[in-house]
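The residues making up each chain are set out below.
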Amino acid sequence: MNLNASNFIKNRREKISLTQKRVKDILICVINSYDKIIKDKVTYDLSKKIIGKIKKEDYLRNRLVDDYLEKELSVLEIRTERFTANKEVSEEYISLVDNELHNDPIDIHIVDKAQKDSWGKTTKPYFAIECKRFTSSTVAEYIKDTKKFTERNYTKLRLPFEGQLGFIENSSLTHLILSEKINQNLSSNSAIETTKALENHIIKNGFDGCYLSGHKKKDNSQFSIFHLFFDYSKIVLN
């Protein structure tokens, strides 16, 4: 291997490592938000009279982002405004299935301006988190988000890390049960190339509902997914 190639690989590894560290900063804020919800003994009534025509999944996401996550992210902002967190932001992508341009609505869209140091000042790198409710042990809808990541090339710079968040509303379910079911699905899923099954990944002491998995897109580029599972069985009132 020549020196230029060696330097390129070294620089890319350093870039990915720094990117992962900054993504973890965001995820710690998400976990801190969940911890605050528990500490505040918050409950959410998802009946129609309370949430109107908002989808239940969207309502839980809204409360997490608007009431807690924005405040947690602001704690990391020293001197400069580092983060922009939004809900239901759309980004364009080219499908690796039909090669057409599509629109992608994203549940939680976070721009971290510090990422520009690694990826270039003219870019606008963003981190996306997709949310799903677990009222039963069925993981099919959750896996659909994993599958779509493998089929899309985004026109703006999307970080090589994805986020998936599960609100566990069934008291008989745990993140261990769900992670095992997801891995069983992935192991037999010919539509998704998984390079690393979900493995427990501690990013904050005291929280063990985080997992990391690795996958390939249809163009053979690789990416990782951080999975967060929050126990909402005592938080949600149906």
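Throughout what follows, the structure given in this document is the object of discussion. All values derive from a computational prediction rather than experimental measurement.

1. Focus: the pattern of salt bridges
Throughout the structure, instances matching the rule amount to 21 salt bridges. The residue Arg63 makes a salt bridge to Asp67 at a minimum N-O spacing of 2.7 Å. Residue Arg63 and its partner Asp67 are located together in helix 3 (residues 56-75), separated by 4 residues, close to a single helical turn. Using a relative accessible area of 28% as the deciding quantity, one classes Asp67 as partly exposed. Glu199 is paired through a salt bridge with Lys196; the nearest N and O atoms lie 3.9 Å apart. Three or more residues are tied together by salt bridges with common partners; here these are Asp104, Glu130, Lys132, Asp145, Lys148, Arg152, Arg158 and Glu162.

2. Details of the packing of aromatic side chains
By the definition in use, this model includes 13 aromatic pairs. Ring geometry for Tyr34 against Phe207: centres 6.3 Å apart, planes inclined by 70 degrees, an arrangement best described as edge-to-face. One end of the pair, Tyr34, is in helix 1 (residues 3-39); the other, Phe207, is in the loop between strand 7 (193-200) and strand 8 (210-216), and 173 residues separate them in sequence. When the ring of Phe149 is compared with that of Phe223, the centres are 6.4 Å apart and the planes differ by 85 degrees; the resulting orientation is edge-to-face. Of the two residues, Phe149 is situated in helix 5 (residues 140-150) and Phe223 in strand 9 (residues 222-231); the sequence distance between them amounts to 74 residues.

Basis of the calculations
Residues numbered from 1 in each chain as written. Predicted model: local features only at pLDDT ≥ 70, side-chain atom pairs only at ≥ 80, totals over all residues. Heavy atoms only, no water. Salt bridge = Lys/Arg side-chain N within 4 Å of Asp/Glu carboxyl O. Helix = DSSP H or I, 4+ residues; strand = E, 2+ residues; numbered from the N terminus. Buried < 20%, exposed > 50% of the residue type's maximum accessible area, 1.4 Å probe, protein only. Phe/Tyr/Trp six-rings, centres within 6.5 Å; stacked < 30°, edge-to-face > 60°.

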